[in-house]
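Take a look at the letters that make up each chain.
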Amino acid sequence: MILSLNYVVAMLLISAGIYCLLAKKNLVKMLIGIVVMIDGVHLFLISLGYRAEGIVPIFNSEVAPSLPYFVSRAVDPLPQALVLTSIVINICTTALALSLCIYAYKHYGTLDPSKIKELKE
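Right, let's walk through the structure included here. Computed from a predicted structure; not experimentally measured.

Focus: the packing of helix α2 (residues 27-48) against helix α4 (residues 78-108)
- Packing of α2 against α4 brings their axes to within 11 Å, and their N-to-C directions diverge by 180 degrees. In terms of axis orientation, α2 runs roughly antiparallel to α4. Contacts from L27, V28, L31, V35, I38, D39, H42, L45 and I46 in α2 reach P79, Q80, V83, S86, I87, N90, T94, A97, L98, C101 and A104 in α4.
- Grouping the constituent residues of the contact of α2 with α4 by class yields 14 nonpolar, 5 polar and 1 charged.

A word on the side chain of D112
- Inspection of the secondary structure puts D112 in the loop between α4 and α5 (113-120).
- Among the polar contacts made by the side chain of D112, one reaches the side chain of S114 at a distance of 3.2 Å.

Conventions we followed
Residues numbered from 1 in each chain as written. Predicted model: local features only at pLDDT ≥ 70, side-chain atom pairs only at ≥ 80, totals over all residues. Heavy atoms only, no water. Axes fitted to C-alpha atoms, helices over the stretch in contact; angles between N-to-C directions. Helix = DSSP H or I, 4+ residues; strand = E, 2+ residues; numbered from the N terminus. Parallel < 35°, antiparallel > 145°, perpendicular 65-115°, else oblique. Contact = heavy atoms within 4.5 Å. Nonpolar A, V, L, I, M, F, W, Y, C, P; charged D, E, K, R; others polar. Polar contact = N/O pair within 3.5 Å; in protein donor to acceptor, adjacent residues only side chain to side chain.

In structure tokens, the structure reads:
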């Protein structure tokens, strides 16, 4: 039951992020929508690697005699590593995008993307 709840929450986060991205007319709110959407993807990927009553995937000499049990019960560490890397990249790109929003506000005096397009012409 918990696992299916994770998928539902992940899809709700992704849907809320897409809504903010499409419906909002403010660059900062659109950026927040992108961040929420990416967090939903992170939750989805972590949920894929989850295994109920799993064990830590550390292989040593004590585990070697019970290799089939270890392989069937170990949690997959790859989604966790990929999400951790993605979180670091997400923080950096969010900081860069926020700095570009600040620059756009200072330069154009607005955060509305449609007005920034009009000012360009």
